[in-house]
Amino acid sequence: MTTRLTVAQALVRFLAAQYTERDGVRQRLISATWGIFGHGNVAGLGQALVEYGDDMPFHQGRNEQSMVHAAVGYARQSGRLSTHAVTTSIGPGATNLVTGAALATINHLPVLLLPGDIFATRVADPVLQQLEVPYAGDLSVNDCLRPVSKYFDRVTRPEALIPAALQAMRVLTDPVETGTVTLALPQDVQAEAHDWPDEFFAERTWTVRRPGADPTELAEAISVIRSAQRPLVIAGGGVHHSRAEEALAEFASATGIPVASTQAGKGSLRHDHPQDVGGVGHTGTATANELARQADLVIGVGTRYTDFTTASGTLFAGDGVRFLNLNIAPYDGHKLAGMPLVADARSGLTELTEALQLHAHRVTSVYADEYTLDKERWEQRVDACYEAEEPDIRPTQPQVLGALDALVDESDVIINAAGSLPGDLHKLWRARSRDQYHLEYGYSCMGYEIPAAIGVKMAAPDRNVWALVGDGTYLMMPTEIVTAVQEGIAIKLLLVQNHGYASIGGLSETVGGERFGTAYRYQSDDGTYTGAPLPVDLAANAASLGMRVLRAKTVRDLRAALEQARAADTPTCVYVETETADTVSGAPPAQAWWDVPVAETATRASAVKARELYERHVSTRRRHL
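Residues numbered from 1 in each chain as written. Predicted model: local features only at pLDDT ≥ 70, side-chain atom pairs only at ≥ 80, totals over all residues. Heavy atoms only, no water.

**Description of the overall build of the protein**
Working step 1: A tally of regular secondary structure across the protein gives 24 helices and 23 strands.
Working step 2: Taking 625 residues into account, the globule formula puts the C-alpha radius of gyration at 25 Å, and the protein, at 25 Å, falls close to it.
Working step 3: Along the three orthogonal principal directions, the C-alpha set of the protein runs to about 70 × 70 × 55 Å.
Working step 4: Within the span of the protein, comprising 625 residues, buried residues form 58% of the whole.
Working step 5: A separation threshold of at least 6 residues defines the contact pool for the protein, and within that pool the share at least 24 residues apart is 77%.
Working step 6: Taken as a whole, the protein presents about 24900 Å² of accessible surface, with 51% of it coming from carbon and sulfur. (Helix = DSSP H or I, 4+ residues; strand = E, 2+ residues; numbered from the N terminus. Rg over C-alpha atoms; globule rule 2.2 N^0.38 Å. Buried < 20%, exposed > 50% of the residue type's maximum accessible area, 1.4 Å probe, protein only. Contact = heavy atoms within 4.5 Å. Areas by Shrake-Rupley, 256 points an atom, 1.4 Å probe, with all protein chains shown as cover.)

Following this line, the structure appears as structure tokens:
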């Protein structure tokens, strides 16, 4: 039996029938579609979404990049088991997808992109917005999406949709391969009719695997753990993707091995778990980083070992330190010349715990007492950063976080991606649940937070969802405030005004750049941006987009405003201007290095001094072979 439909109609019907299943839980794989329509998709996918609107919910976006961010936020909150599709026209609509696509792929989060494309038949050539490539007639701007997609196909004939769509679902649901999947859809092909086999529209359930460890690798892993005197777990985002938080807690409790976390892995253990020692790496805690420097065994669980985690190769300095990498992806399992334990994080941790319990293996009480005391000392530093002895003055950024920390419970979700906030949050935030801490730091994309908060709120409508945004990030992408207002999605926006790119300004100062071009100020006579602050009112901007705005001038105001925002059932913004951090109330400085190369030759004293310091740090780098 066959059914005659257009390619676009067939695709929408197909997507509506796709499901995932893991641990006995079944759900829609593509639960909605985001779109902005133009000539490249309005008569194809646009018409199909009208035709089959009961099967495929639709959300209207304002910016193509931000629609991808919303889909990614939804996918992460859904444990990578459900996501959204995003459709755009050709031309700038399609190229605007590239940043979001890169973010999704780098973070191993599934999203389906459906950009329109030029005519497959070439009857209209060049079509409006077409990029003409003299040496290749089959290229379009959509080919920009190839390097940032885990799967890419251009459907140039109706028959090609069937294998392309099936491969797309395979990649989206593969815990190793998942990321951005792009199906480029020529606008003439979208509207072309075809007789489709009815089997194509039958419900399909894609099982998300939990592979266990190879027996030989498992035995070697148990042996190396039992021989270690100062082991340390590095929990990465794979712990969350696998929903392995309970398995990790059981492993840590049974063995006494301390657990440090990457930005993606923070919250793998609650902040008050005895074995949780906080963030690791350049933005990590002193406790975790000192343990990392002295560790003789580093057990990476679901981590990619980025340069922030390894302090650009300077952190794991112990003589003879070894690496054991529990990872579902063999590529990551072999990093740092480590011993791979290729398995799902939950499965692998469970197998390790059971085996080590048979041997009654546990770290020494001396080691446990050491990291417990160090953790207590760090918590005292956090308290000092959060404390505001004078509630009627302008808060510092850590005091802003302290006010929020005092208000939320385990049901709240905080979202951030870029600027100075990730460093402060990684060091200071006390994660209360496995999914409270939502930091996108694989791509660290300014503008991610607001649309991602919308996606998270869609996936978890009963949760309070906070987008923490600095002024630089806000100006990148505030457009989806309109979407939140339109659809009544009650996200909370904490908008921090510090008059510029504070994070990169601090980095600039340390590498000899003298904060050049990092402040939001008027130009001075010498051409630098060192004049008065710009008269920009971001709170008024948010209000003009339909959001309720609460202005806070002091710590006391901030506490009251945050409480009001948390109770609100409409999109609400808390706007606060922060004081420059000082040595008393500012966040602790970096506890580990990060390699940002400094000019090798320079005449300015700041750059010369920075180069000297840089060379000292570089000399401590090691390659683990």
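Next comes the rest of the write-up.
**Considerations on the nonpolar core**
Working step 1: Among the nonpolar cores identified, the biggest contains 52 residues, and I225, F251 and I299 are the most heavily contacted of them.
Working step 2: Setting aside chain neighbours within four positions, we find F251 in contact with I225, V233, I257, I299, L349, L352, T353 and L356. (Core = buried A, V, L, I, M, F, W, Y, C linked by side-chain atoms within 4.5 Å.)

**Some thoughts on the environment of R210**
Working step 1: For R210, the location among the structural elements is in the loop between strand 11 (204–207) and helix 8 (215–227).
Working step 2: Placed 389 residues apart in sequence, R210 and A599 show a C-alpha to C-alpha distance of 47 Å.
Working step 3: Contact partners of R210, with chain neighbours within four places excluded, come to R22, D23, S242, R243, D344, R346 and S347.
Working step 4: Among the polar contacts listed, one links the side chain of R210 to the side chain of D23, at a separation of 2.8 Å.
Working step 5: Within the structure, the side chain of R210 is placed 3.0 Å from the side chain of D344, a separation counted as a polar contact. (Polar contact = N/O pair within 3.5 Å; in protein donor to acceptor, adjacent residues only side chain to side chain.)

**Comments concerning a nonpolar patch on the surface**
Working step 1: A cluster of nonpolar side chains, contributed by F37, V42 and F58, occupies part of the molecular surface with about 240 Å² of accessible area.
Working step 2: The class of F58 is partly exposed, set by a relative accessible area of 33%. (Patch = residues over 30% accessible without salt bridge, like charges linked within 9 Å, V, L, I, M, F, W, Y side chains within 5 Å. Salt bridge = Lys/Arg side-chain N within 4 Å of Asp/Glu carboxyl O.)

**Regarding the pattern of salt bridges**
Working step 1: Taken as a whole and judged by the stated rule, the model has 31 salt bridges.
Working step 2: Here E410 ties to R270 by a salt bridge, and the two come within 3.6 Å at their closest N and O atoms. One end of the pair, E410, is in the loop between helix 16 (397–405) and strand 18 (413–416); the other, R270, is in the loop between strand 13 (259–261) and strand 14 (276–279), and 140 residues separate them in sequence.
Working step 3: A residue is classified by how much of its surface remains accessible, and E410, at 49% relative accessible area, is partly exposed.
Working step 4: Look at R270 and you get partly exposed, because its relative accessible area is 35%.

**A look at the side chain of H624**
Working step 1: Topologically, H624 is positioned in the segment after helix 24 (605–618).
Working step 2: Classification of H624 by relative accessible area gives buried; the value is 12%.
Working step 3: Those residues within four positions of H624 in sequence are excluded, and the remaining contacts are F316, V321, F323, L336 and A337.

**Focus: the sheet that holds strand 2 (residues 18–22)**
Working step 1: Taking strand neighbours across the sheet as the criterion, the three strands line up as 3-2-11 in an open arrangement whose pairing is mixed. Whereas interior strands pair on both sides, the edge strands pair on one side only; in this sheet they are strand 3 (25–28) and strand 11. Going across the sheet, the axis of each strand differs from the next one's by a mean of 30°, ignoring polarity.
Working step 2: As judged from the four bridges shared by strand 2 and strand 11, these two strands associate in the parallel manner. (Pairing = 2+ DSSP bridges. Axes fitted to C-alpha atoms, helices over the stretch in contact; angles between N-to-C directions.)

**A few points about the environment of L291**
Working step 1: Relative to the elements of secondary structure, L291 occurs in helix 11 (residues 286–294).
Working step 2: Using a relative accessible area of 2% as the deciding quantity, one classes L291 as buried.
Working step 3: Residues L291 and E370 lie 79 residues apart in sequence; the distance between their C-alpha atoms is 9.5 Å.
Working step 4: Residues contacting L291, with those up to four places away along its chain left out, are R230, L232, P258, V277, Y367, E370 and Y371.

**Some remarks on the environment of A329**
Working step 1: By secondary structure assignment, the location of A329 is in the loop between strand 16 (322–327) and helix 13 (330–333).
Working step 2: C-alpha separation for the pair A329 and H69, spaced 260 residues apart in sequence, amounts to 24 Å.

**Some remarks on unusual backbone geometry**
Working step 1: Geometrically, the link from D125 to P126 is a cis peptide bond, its omega value of 5° lying close to zero.
Working step 2: Looking at the element boundaries, P126 is found in the loop between strand 7 (111–117) and strand 8 (151–154).
Working step 3: Of note, D23 is a non-glycine position whose phi angle comes to about 55°, a positive value.
Working step 4: Structurally, the position occupied by D23 is in the loop between strand 2 and strand 3.
Working step 5: Judged by its relative accessible area of 48%, D23 falls in the partly exposed class.
Working step 6: One non-glycine residue, H108, lies in the positive phi region at around 55°.
Working step 7: With respect to the element layout, H108 can be found in the loop between helix 5 (97–106) and strand 7.

**So, the state of the cysteines**
Working step 1: With the rule as written, the count across this model stands at zero disulfides.
Working step 2: Lacking any disulfide linkage, C445 is separated from the closest cysteine sulfur, that of C144, by 17 Å. (Disulfide = S-S within 2.5 Å.)

**Quick look at the sheet that holds strand 14**
Working step 1: Judged by pairing direction, the sheet is parallel, and its six strands sit side by side in the order 14-13-12-15-16-17 without closing on themselves. Across the chains shown, the open sheet's two edge strands, defined by having one partner strand only, are strand 14 and strand 17 (339–342). Ignoring which end each strand starts from, the neighbouring axes of this sheet average 20° apart.
Working step 2: Where helix 10 (residues 245–255) meets the sheet, its contacts fall on strand 12 (231–235), strand 13 and strand 15 (297–301), and the angle it forms with strand 12 comes to roughly 170°.

**Describing the pairing of strand 18**
Working step 1: On strand 18, burial covers both faces: V413 and I415 on one face and I414 and N416 on the other are all buried.
Working step 2: Pairing between strand 18 and strand 20 (residues 465–470): three bridges, direction parallel. Residue pairing for strand 20: I414 is matched across the bridge by W466.
Working step 3: With three bridges joining them, strand 18 and strand 19 (residues 437–439) adopt parallel strand pairing. By the bridge assignment, I414 is partnered in strand 19 with Y437.
Working step 4: Each parallel crossover has a hand, and for strand 18 linked through helix 17 (residues 421–428) to strand 19 it is right-handed. (Right-handed = clockwise from strand over helix to strand, strands pointing away.)

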